[in-house]
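Summary of structural features
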Amino acid sequence: MAKRKIIAALAAMAIGFTVLAGCSTERPVGTPTTDPTEAAGGGLIGITMPTKSLERWNNDGAELDRLLKEAGYQTQLDYADNKPEEQVKQLENQINSGAKVLVIASIESKALLPTLQKAADAGIKILAYDRLLMDTPNVDYYATFDNEKVGTLQGTFLEEQLGLKEGKGPFSLEPFAGSPDDNNASLFFKGAWDILNPYVESGKLVVKSGKAPKTLADWTSIGILAWKTETAQSEMENRLNSFYGDSKVDAVLSPNDSLALGIAQALESKGYKVGSDWPLLTGQDADVANVKNILAGKQSMTVWKDTRELAKQAAKMVDQIIKGQTVDTNNNTYKNNNKTVPTYLLDPQTVVQDQVQTVLVDSGFISADKLK
Ligand code: GAL
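A brief structural summary. Because the structure is a prediction, the values reported are computed rather than measured.

Quick word on helix α3 (residues 55-70)
Spanning 16 residues, α3 covers 23 Å between terminal C-alpha atoms, matching the ideal 22 Å at 1.5 Å per step. As for α3, its buried residues are in contact with β1 (44-49), β2 (74-79), β3 (99-104), β4 (125-129) and α11 (307-322). Where α3 terminates, the next one or two residues include Gly-72, which has phi positive at roughly 95°.

See the structure below:
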């Protein structure tokens, strides 16, 4: 009897050591696990993206889902069709399904506040993805690109291309801003307007439509709800019809590619021609249709945010949260009207026509066949 007990005890110890050895291995996110118990222990991660109708979120969601699954987690990936009430339902469902962490690219924050409280009460950690969750203590981390720098890159591009620093001008400018319910849009606008507004005030830049926000807080007056391409197109058509009868616009500040697409369509409909009177036009996200427009001379630049890197960083932070490790952040300046949110900021970069191949295609971000 005693001998059998000793053998059983030794066997139990052997299994214990194997399991412990398996759990203690540090495995970077994105490499397949070899330890079945860790895969099972990963748990459910909820991922909610705002919409499929804006190209970048399809890339973000798919990549984050892939990386978390590879790291041994179960995932629930939902898209809310730009409907806040839909996003609430999806988050409630993820909470009820036992999610341990919620990764949220919000549409707007207000509708989510009760659900964020419910998640916090259940001990669920919340990672704001690309868009900061505002006016709540219930957000634990934030992963994004430097949003103000996105705007600074756009403003600096126009400043340089027009030769404003060298005293050239006056030029006509039409500024646009993003969705009024998107905190990012206020930061994009600030970055650009800090560069451009002094030229508007000195008369070197003339906003013929009169739609130059008098203060940064007034940015929503030129905002395009839900970043809709067709809304940007009709707004640009109205401005051209009403204020540019016998003159041409020289530059357009577009905060992202979905708006730039609509603005380009408006310019085309009013007879603007590439190479003769087509204005400078900014953008952001390196959407395929816009990169094609850059190659065709219908958009001057885009600000590239490699969503693969953002997804990788977010997946790493989720893994660290689950494992109780120190979460990788590099910025503590993002305040959400309730608290300072520990953040990881990635670096955006300007891409112009002669960089499309080397930066976007050679990096594998856009396949060459999509640009044909
Ligand atoms: C912003 C995002 C940008 C922009 C816009 C529409 O919040 O940071 O990449 O494209 O939404 O998706």
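Examining the layout of surface pockets
Roughly 280 Å³ of volume is contained in the largest pocket. Around the largest pocket, the lining is made up of 17 residues, and of these Ser-109, Met-134, Asp-135, Asp-181 and Asn-183 lie nearest the centre. Taken together, the residues of the lining of the largest pocket sort by class into six nonpolar, five polar and six charged. When we break the lining of the largest pocket down by domain, the ones giving at least three residues each are domain 1 (27-139 + 306-347) and domain 2 (147-305 + 353-358 + 365-371).

Topic: the site of the ligand
The ligand sits among 13 residues. The nearest are Asp-130, Arg-131, Asp-182, Asp-285 and Lys-305. Here the ligand occupies the largest cavity. Within the residue set of the shell around the ligand, elements represented by two or more residues are α3 and α7 (183-202). Looking at the shell around the ligand, its residues break down into four nonpolar, three polar and six charged. Here the shell around the ligand gathers at least three residues from each of two domains, domain 1 (27-139 + 306-347) and domain 2 (147-305 + 353-358 + 365-371).

A look at the nonpolar core
Leu-64, Tyr-129, Leu-173 and Met-236 are the most contacted members of the largest nonpolar core, which has 72 residues in total. Among the elements that make up this core, the one with the highest residue count is α7 (eight residues). Counting the residues that make up this core, at least three belong to each of domain 1 (27-139 + 306-347) and domain 2 (147-305 + 353-358 + 365-371). In this structure Met-236 touches Phe-176, Val-249, Val-252, Ile-263, Ala-266 and Leu-267, once residues within four positions along its chain are discounted. Membership of the second largest hydrophobic core comes to 22 residues, among which are Ala-99, Leu-116, Ala-128 and Leu-132.

Some details on the environment of Gln-299
Tracing the sequence through the fold places Gln-299 in the loop between α10 (288-295) and β10 (302-304). Look at Gln-299 and you get buried, because its relative accessible area is 3%. Through-space distance from the C-alpha of Gln-299 to that of Pro-279 is 8.4 Å; in sequence the pair is 20 residues apart. Each residue touching Gln-299, except ones within four places of it in the same chain, is listed here: Asp-257, Ala-260, Trp-278, Leu-281, Thr-282, Gly-283, Asn-290, Asn-293 and Ile-294. A polar contact of 2.8 Å, which involves the side chain of Gln-299, links it to the side chain of Asn-290.

Thoughts on the sheet that holds strand β7 (residues 205-206)
In spatial order, the strands read β7-β6-β8-β9; together these four strands make up an open sheet with parallel pairing. Edge positions in the sheet fall to β7 and β9 (280-281), since each has one partner strand and no second. Relative to β9, strand β8 (residues 251-253) runs parallel, the two being bridged by two bridges. Directly across from Ala-251, in β9, lies its bridge partner Leu-280.

Considerations on the pattern of salt bridges
This structure, assessed with the given rule, holds 22 salt bridges. Close ionic contact of Lys-323 with Asp-319 constitutes a salt bridge, the shortest N to O distance being 3.2 Å. A cluster of three or more residues bridged by salt bridges with shared partners is formed by Arg-56, Asp-60, Asp-130 and Lys-305.

What counts, and at which threshold
- Residues numbered from 1 in each chain as written.
- Predicted model: local features only at pLDDT ≥ 70, side-chain atom pairs only at ≥ 80, totals over all residues.
- Heavy atoms only, no water.
- Helix = DSSP H or I, 4+ residues; strand = E, 2+ residues; numbered from the N terminus.
- Expected span 1.5 Å × (residues − 1).
- Contact = heavy atoms within 4.5 Å.
- 1 Å grid on protein atoms, 1.4 Å probe; cavity = no way out; pocket = protein on both sides within 12 Å on 5 of 7 lines; lining within 4 Å.
- Points joined across faces, edges and corners; volume = space filled by probe spheres on them.
- Nonpolar A, V, L, I, M, F, W, Y, C, P; charged D, E, K, R; others polar.
- Domains from an automatic or database assignment.
- Near = heavy atom within 4 Å.
- Sits in = over half its atoms within 2 Å of the grid points.
- Core = buried A, V, L, I, M, F, W, Y, C linked by side-chain atoms within 4.5 Å.
- Buried < 20%, exposed > 50% of the residue type's maximum accessible area, 1.4 Å probe, protein only.
- Polar contact = N/O pair within 3.5 Å; in protein donor to acceptor, adjacent residues only side chain to side chain.
- Pairing = 2+ DSSP bridges.
- Salt bridge = Lys/Arg side-chain N within 4 Å of Asp/Glu carboxyl O.

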